[in-house]
Amino acid sequence: MNSKYLVKAALLSTLAIGVMSCEKDDNNNPTPKGPAVYAIGIGVSTSTATTNYVVQTSDLMTGTISVTNNGYLQDGYRDYFAAGGNFYSVGGLGITDVNTINVGADTLLKTRTGLTFDLPNNQLVDVDGTGKTLAGVSMPSGPTVGLDAKFYTVDVTGNTVGNKVDVPMTSIYDSNRDWVFHTGFQVRGNQAFQSFYPVDAATYATQNTDTNYVAVYSYPGFVLQKVIRDPRTGPSGAFGTQSGLFKTESGDLYAVSTSSFYNGYSQSTKAAGILKIASGASEFDAAYYFNTDAATNGGKIAHAIYIGNNKLFAAVTTVPPTIDNRWADGSLRLAIVDLAAKTITPVTNSPVFSGDGGRSFAAFVDNGKVYNVISVAGVLNVWQTDIATATATKGATVQGTFVGGLARIQ
């Protein structure tokens, strides 16, 4: 397996770089105001271990961003999620706690602890866009870990888990040869939707790549209502990613299938493509199909975030993946995908780069610009993409091995 994925199995190293002052915050502020403060989750890897830090900066476009004397040390493996002025450092690989980080009156980051899940979290979503209520899912990585998926809401003010519901894994996908890996999660009205793909939990072989699956639950009760299927594409998303399912302002849902060797698939039997679940519906829209492999400037969408107005900001393959390059997460460029118009627009000045493997896409939107971090020749830089012109500008250098999270929290 590619070394990017081995990061997931690394233990916390003894590297201890100056940790900034933090304190417990009992007055959570979901909408901080004041000068810009950006939070960045940075991973520093050695040959034996990876250490994660959350750092802050007021400038993403110039200079160097370093963890030295500016790093809030995180225990274990971490992914990140931002909503309502909070930056959530979410534990994985046996770490089940979440650090809720925001900006104190002294403009320094501070943390609130105490939020813990039964299993490592797969994804958190902001239910109504205010950051006041989150919904999440934790799925066991294999049958020896657990037999139930766990769905829950999070009371942000109380920093506690609200209702929690167990759903048997075999009710989501009942197969003697495959397990289920999570790839996307969205809440829309009184329903929740989850994309997933079948996989051998021991070998990661994908023996079933001819169908797209989305599980539909009630919300907030998380009662499994049905699993919808469509044979026009393979499954949505890929290992460790959250790029399988997106929701637009109108309530349309889009399921993004890649079936890419680069992202761990062991076979690919359908073209990469996007399907739609229309607003108010809970079945795939038979009239909508977007073949991203065949599109002009197309390819397989490895990672993406929703940026508004029916558009995705995405990392798209530039050459067809092959089985010889399985797990490489390589040959990517930035692009803007218009879901309604079914077009892919390459981002001018985007380098060709490799992704971070099975990690959520560290990118965010702010005032018509998208910010993400790209590694080229081992050097990390922030890149700013103007959405209107689809043009990228290289920004600050980030000292580290990878960036797992990036957000503006003030």
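Student: Just checking my understanding: could you explain the pairing of strand 27 (residues 379–386) for this structure?
Tutor: Where a strand is regular, its side chains alternate between the two sheet faces. Counting buried positions along strand 27 gives 7 out of 8 residues, so the element sits mostly inside the fold. Where strand 26 (residues 369–376) meets strand 27, 8 bridges bridge the pair, whose relative direction is antiparallel. Across the sheet, residue Asn372 finds its bridge partner in strand 27, namely Trp383.

Student: Is there a simple way to explain the packing of aromatic side chains in this structure?
Tutor: The relation between two aromatic rings is expressed through the spacing of the ring centres and the mutual angle of the planes. This model, assessed by the stated rule, comprises 21 aromatic pairs. A centroid spacing of 4.5 Å and a plane angle of 45 degrees characterise the contact between Phe151 and Tyr217, whose relative ring orientation is tilted. Of this pair, Phe151 sits in strand 11 (residues 148–155) while Tyr217 sits in strand 15 (residues 212–218), and the two are 66 residues apart along the sequence. With respect to class, Phe151 is no different from Tyr217; both count as buried. When the centroid spacing of 5.3 Å and the interplanar angle of 20 degrees are considered together, the rings of Phe196 and Tyr213 count as stacked. Here Phe196 is found in strand 14 (residues 191–199), whereas its partner Tyr213 is found in strand 15, with 17 residues between them in sequence.

Student: Please explain empty space enclosed by the protein as it appears in this structure.
Tutor: Gaps left between atoms are located by rolling a probe of water-molecule size over the structure's atoms. Applying the stated criterion across every chain yields a total of 1 cavity of 30 Å³ or more. Approximately 190 Å³ is the volume attributed to the largest cavity. Element by element, the count of residues in the lining of the largest cavity is highest for strand 26, at 4 residues. Tallied by class, the residues present in the lining of the largest cavity amount to 9 nonpolar, 6 polar and 2 charged.

Student: It is not clear to me how the pattern of salt bridges should be interpreted in this structure. Could you clarify?
Tutor: One side chain can pair with another of opposite charge once the charged atoms of both are near each other. Under the criterion given, the structure shown has 12 salt bridges. Of the charged contacts in the structure, one is a salt bridge between Arg78 and Asp97, with a shortest N-O distance of 2.9 Å. Residue Arg78 is located in strand 5 (residues 77–83), and its partner Asp97 is located in strand 7 (residues 97–103); the two are separated by 19 residues in the primary sequence. Per residue, the accessibility class of Arg78 equals that of Asp97, and both read buried. Of the charged contacts in the structure, one is a salt bridge between Asp366 and Arg408, with a shortest N-O distance of 3.2 Å. Taken as a pair, Asp366 in strand 25 (residues 363–366) and Arg408 in strand 29 (residues 402–408) lie far apart in primary sequence, 42 residues in all. Exposure remark for Asp366: the relative accessible area of 14% places this residue in the buried category. Ionic contacts of the salt-bridge type, sharing partners, join the residues Asp75, Arg78 and Asp97 into one network.

Student: Would you mind showing me how to read the environment of Ser218 here?
Tutor: Relative to the assigned elements, Ser218 resides in strand 15. Taking relative accessible area as the criterion, Ser218 reaches 15% and is therefore assigned buried. With 30 residues separating them in the primary sequence, Ser218 and Arg188 have C-alpha atoms 9.8 Å apart. Contact partners of Ser218, with chain neighbours within four places excluded, come to Asn190, Gln191, Ala192, Val223 and Gln225.

Student: Got a minute to help me understand the layout of surface pockets in this structure?
Tutor: Considered as a void within the structure, the largest pocket measures approximately 1,100 Å³ in volume. As for the largest pocket, its lining consists of 39 residues, of which Phe81, Ala82, Asp126, Ile305 and Tyr306 are closest to the centre. Listed by contribution, the elements that provide at least two residues to the lining of the largest pocket are strand 5, strand 6 (86–92), strand 9 (123–126), strand 17 (245–247), strand 21 (301–308), strand 25 and strand 29. Of the residues assigned to the lining of the largest pocket, the class counts are 22 nonpolar, 13 polar and 4 charged.

Cut-off values and rules
- Residues numbered from 1 in each chain as written.
- Predicted model: local features only at pLDDT ≥ 70, side-chain atom pairs only at ≥ 80, totals over all residues.
- Heavy atoms only, no water.
- Buried < 20%, exposed > 50% of the residue type's maximum accessible area, 1.4 Å probe, protein only.
- Helix = DSSP H or I, 4+ residues; strand = E, 2+ residues; numbered from the N terminus.
- Pairing = 2+ DSSP bridges.
- Phe/Tyr/Trp six-rings, centres within 6.5 Å; stacked < 30°, edge-to-face > 60°.
- 1 Å grid on protein atoms, 1.4 Å probe; cavity = no way out; pocket = protein on both sides within 12 Å on 5 of 7 lines; lining within 4 Å.
- Points joined across faces, edges and corners; volume = space filled by probe spheres on them.
- Nonpolar A, V, L, I, M, F, W, Y, C, P; charged D, E, K, R; others polar.
- Salt bridge = Lys/Arg side-chain N within 4 Å of Asp/Glu carboxyl O.
- Contact = heavy atoms within 4.5 Å.

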